[in-house]
Amino acid sequence: MHQPYYKNLLTQEAQLPWVRLHGVKDYLDMVRILEGYPAIHQTFNLVPSLIEQIEDYAENKVKDKYFELSLKPADKLSVTEKELILKTFFHINKEKVIALFPRYYELYLRRSRNKEFSTQDYLDLQAWFNLAWIDASFRQDIPELASLVHKARFFTEEDKQVILKKHLEILSNIIPGYKKSIDSGQIEVSISPSYHPILPLLYSTNAAKEANPKTVLPNIKFAYPQDAKTQVGDAVKFYKERFKVKPQGMWPSEESVSEHILSFFIESGINWIVTDEGILFKSLKKKKRDTKLLYQPYLLKRKEGDLNIVFRDRNLSDLIGFTYHGWKAESAANDFMKHLGNIAKEFEGEDLLVSVAMDGENAWEYYSNDGSDFLNLLYSRISESKLVKAVTISEYLKMHPAKKQIKRLAAGSWIHGEFGKWIGNPYKLKAWEWLALAREELEQIIKGDKRLALSDKLKLAWKQIYICEGSDWFWWYGEEPEGNFDRLFRTHLSNFYTIINKEIPEYLKSPLHPDKK
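Because the structure is predicted, anything quoted here is derived from the model rather than measured.

J.: Got a minute to help me understand the layout of surface pockets in this structure?
T.: What the second largest pocket holds in volume is close to 400 Å³. Within the residue set of the lining of the second largest pocket, elements represented by two or more residues are helix 2 (48-58), helix 12 (225-243) and helix 21 (456-468). Partitioning the lining of the second largest pocket into residue classes produces six nonpolar, four polar and six charged.

In structure tokens form, the structure reads like this:
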């Protein structure tokens, strides 16, 4: 479960609403559904930057302009605000969500045909955008929401306030919900580095060459191993404060790993990490996929200590993440169980660990009923199966300690076993160079006066740099049509210069993409 850091540290405003919207759609229901299936033990991963932003909403510490835009009386909306609503309040799956609700779909068609909206149209759109994003189970089980779904149109300002109040209630229950399931023993929650950086690239952007020798590197090398170490260590500390126990596992951001960063996990007390099967075969210098090697944990025995590593079955993970949403729920669940049955048959009599690791939020928007039908059927099939037992990673390692070792872990991520998604094209390279220049400013300040490193202003500057090291800005550079992440990255980096009382560089004042406004 991950979202980029959207909040502007200087204005306390969330630039985009995705933490809130995914928060009411994806996080709480994913753990609550398990209450009906006690035999299913599952591992969830929560990124600290996501948890922090969820807490900001629960504690009223963030301004969400889309929340405020939703809350504003429809008859008081300005022309500019109406334009923004028409542009953004249909940002949800048309076929699997909007089309389910006749009034919402009617408004969608009205917008598509450039027809004029009445005040009531705007009010209904404000209501439906926020109501539709709430998970189907909550819309059904919370009486006030079920009533509004049934009402369907002619919403009042009071109706709208009920919906938005429920948003905040659901958000406030997410972290307690996970803690409850941790305490019951049904789930394990692992962690990622604090602000979701690509750790090997923080260690050194030269790591991109190790993963793919053809990668083009930035003109200014970024190499701050201490930042990678801090992002890991701070995440462990953050986790302990929230869940009152030490995390056993870490999901390196985007399953990005290299030999150089292993000591950071070990020294922070992490017992296991997860990455993609492609990294296993690269590490073992195997050119072909070999499931005999895949379905087991491995031990990374290093001078700093021992670290377990598991490798996900990419095929099974991708079936859930990218394929099954186009199938009927029963067919998808049956197909998944067939694959597990085939694996069991192939390795009859052996104990296997089949790891399925995937994005915990984006897939479900493309499923009917937000994935609930599929998950209920799948959990039911697994619960009844005599071949399969659903366990957390730590449970498995306790029962079956890793026997095989990997002498050197290859560098790479879940995407093509390399880092090309975050470095290489001209825009991504320029972003790394901007970050390197900003990071050097921080080094110079600390060298000039070490006492400043302990000041509140410098603490905020450090946090801002760590946020800028996040993976998402680099992921989207050169690939995002609307330029939102370019604006976010430049805002964060500009704020850094403001925090340290330096003039904001001119290059941060206009889009990196010249055609993006």
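J.: Please explain empty space enclosed by the protein as it appears in this structure.
T.: Summary: where empty space remains is shown by rolling a probe the size of a single water molecule over the atoms. Going through the model one piece at a time under the given rule, you end up with three cavities of 30 Å³ or more. If you go around the largest cavity, you meet 16 residues; those closest to its centre are Lys96, Val97, Arg139, Asn369 and Asp370. Those elements that place two or more of their residues in the lining of the largest cavity are helix 6 (119-133) and helix 7 (136-141). Approximately 60 Å³ is the volume found for the second largest cavity.

J.: Any chance you could explain unusual backbone geometry here in plain terms?
T.: It is generally the case that most residues other than glycine have a negative phi and that most peptide bonds are trans. One non-glycine residue, Glu254, adopts positive backbone phi at about 55°. As for its position among the elements, Glu254 is in the loop between strand 5 (249-250) and helix 13 (262-267). The phi dihedral of Asn501 falls on the positive side, at around 60°, and the residue is not glycine. Since its relative accessible area comes to 59%, Asn501 is described here as exposed.

J.: It is not clear to me how the nonpolar core should be interpreted in this structure. Could you clarify?
T.: Note that soluble globular proteins tend to have their nonpolar side chains buried in a common cluster. One finds Tyr104, Tyr178, Phe265, Phe374 and Phe489 to be the most contacted residues of the largest nonpolar core, which totals 163 residues. Dropping the residues within four chain positions of it, Phe265 is found in contact with Leu199, Val232, Met250, Pro252, Ile270, Ile273 and Leu307. Of all hydrophobic cores here, the second largest spans nine residues; its members include Trp272, Ala357, Ile393 and Leu397.

J.: Can you help me understand the pairing of strand 6 (residues 272-276) in this one?
T.: Along any regular strand the residues' side chains alternate between the sheet's two faces. Taking burial as the measure, the five residues of strand 6 include five buried ones, the bulk of the element. Note on the crossover from strand 5 through helix 13 to strand 6: the handedness is right-handed. Examined bridge by bridge, strand 6 and strand 8 (residues 305-312) share five bridges and lie parallel to one another. Following the sheet pairing, Asp276 is matched in strand 8 by Arg312.

J.: Mind showing me how you'd approach the pattern of salt bridges here?
T.: Side chains that differ in charge, positive against negative, can pair when their charged atoms come close. With the rule as written, the count across this model stands at 42 salt bridges. Linking Lys179 and Asp183 is a salt bridge whose minimum nitrogen-to-oxygen distance equals 3.0 Å. Linking Lys179 with Asp183, this pair stays in helix 9 (residues 157-184), spanning four residues, or about one helical turn. Classification of Asp183 as exposed rests on a relative accessible area of 52%. What emerges from the salt-bridge pattern is a single network uniting Arg103, Glu106, Arg110, Asp121, Asp124 and Arg153.

J.: Just checking my understanding: could you explain helix 12 for this structure?
T.: Every α-helical turn comprises 3.6 residues, leaving residues that sit three or four positions apart pointing alike. Taking 1.5 Å of rise per residue, the 19 residues of helix 12 would be expected to cover 27 Å, and the 28 Å separating its terminal C-alpha atoms lies within 8% of that figure. Within the span of helix 12, buried status applies to Asp227, Ala228, Gln231, Val232, Ala235, Val236, Phe238, Tyr239 and Phe243. After helix 12 finishes, the residue Lys244 shows a positive phi value of roughly 65°.

J.: Explain the environment of Leu199 here, please?
T.: As for its placement among the helices and strands, Leu199 is situated in helix 10 (residues 199-203). Residues Leu199 and His260, spaced 61 residues apart in sequence, show a C-alpha to C-alpha distance of 9.4 Å. Setting aside its immediate chain neighbours within four residues, Leu199 contacts Pro193, Ala228, Gln231, Val232, Ser256, Ile261 and Phe265.

J.: How do you make sense of the packing of helix 4 (residues 79-88) against helix 6 when you look at a structure like this?
T.: Each pair of packed helices can be described by the angle between their axes along with the distance between the axes. Running from amino to carboxyl end, helix 4 crosses helix 6 at an angle of 45°, the nearest separation of the two axes being 11 Å. Considered as vectors, helix 4 and helix 6 are oriented oblique to each other. Crossing hand, helix 4 versus helix 6: left-handed. Contact residues: Lys82, Ile85, Leu86 and Thr88 in helix 4; Tyr122, Leu125, Gln126 and Phe129 in helix 6. The residue makeup of the contact of helix 4 with helix 6, split by class, is five nonpolar, two polar and one charged.

J.: It is not clear to me how the side chain of Glu188 should be interpreted in this structure. Could you clarify?
T.: Relative to the elements of secondary structure, Glu188 occurs in strand 4 (residues 187-191). Look at Glu188: it is buried, it has no salt bridge, and the nearest opposite charge is Lys246 at 11 Å. A distance of 3.0 Å separates polar atoms of two side chains, one belonging to Glu188 and the other to Trp272. For Glu188, the contacting residues outside a window of four places in its chain are Gln42, Thr43, Phe44, Gln248, Gly249, Trp272, Thr392, Ile393 and Ser394.

J.: Could you clarify how one ought to interpret the packing of aromatic side chains in this entry?
T.: In this description, a pair of aromatic rings is defined by centroid distance and the angle of the planes. If you walk through the whole model with that rule in mind, you get 32 aromatic pairs. With 6.2 Å between their ring centres and 90° between their planes, Tyr295 and Phe347 make a pair best called edge-to-face. Of this pair, Tyr295 sits in the loop between helix 15 (291-294) and strand 7 (298-302) while Phe347 sits in the loop between helix 17 (329-346) and helix 18 (372-384), and the two are 52 residues apart along the sequence. Assessed through its relative accessible area of 5%, Tyr295 is described here as buried. Relative to Phe489, the ring of Tyr477 has its centre 5.8 Å away and its plane inclined at 90°; by these criteria the two rings are edge-to-face. Of the two residues, Tyr477 sits in the loop between helix 22 (471-476) and helix 23 (484-499) while Phe489 sits in helix 23, which places them 12 residues apart along the sequence. Each member of the pair, Tyr477 as well as Phe489, carries the same accessibility label: buried. Counting every residue linked through ring pairs, the aromatic cluster contains Phe90, Phe101, Tyr104, Tyr105, Tyr108, Trp128 and Phe155. Taking NZ or CZ as reference, Arg242 lies 3.7 Å from the ring centre of Phe238, over its face. Directly above the aromatic system of Tyr224 lies the positively charged group of Arg439, at a separation of 4.1 Å from the ring centroid.

What counts, and where the lines are drawn
- Residues numbered from 1 in each chain as written.
- Predicted model: local features only at pLDDT ≥ 70, side-chain atom pairs only at ≥ 80, totals over all residues.
- Heavy atoms only, no water.
- 1 Å grid on protein atoms, 1.4 Å probe; cavity = no way out; pocket = protein on both sides within 12 Å on 5 of 7 lines; lining within 4 Å.
- Points joined across faces, edges and corners; volume = space filled by probe spheres on them.
- Helix = DSSP H or I, 4+ residues; strand = E, 2+ residues; numbered from the N terminus.
- Nonpolar A, V, L, I, M, F, W, Y, C, P; charged D, E, K, R; others polar.
- Buried < 20%, exposed > 50% of the residue type's maximum accessible area, 1.4 Å probe, protein only.
- Core = buried A, V, L, I, M, F, W, Y, C linked by side-chain atoms within 4.5 Å.
- Contact = heavy atoms within 4.5 Å.
- Right-handed = clockwise from strand over helix to strand, strands pointing away.
- Pairing = 2+ DSSP bridges.
- Salt bridge = Lys/Arg side-chain N within 4 Å of Asp/Glu carboxyl O.
- Expected span 1.5 Å × (residues − 1).
- Axes fitted to C-alpha atoms, helices over the stretch in contact; angles between N-to-C directions.
- Parallel < 35°, antiparallel > 145°, perpendicular 65-115°, else oblique.
- Left-handed = near helix turned anticlockwise from the far one by under 90°.
- Lys, Arg positive; Asp, Glu negative; His and termini not counted.
- Polar contact = N/O pair within 3.5 Å; in protein donor to acceptor, adjacent residues only side chain to side chain.
- Phe/Tyr/Trp six-rings, centres within 6.5 Å; stacked < 30°, edge-to-face > 60°.
- Lys NZ or Arg CZ within 6 Å of the ring centre and 35° of its normal.

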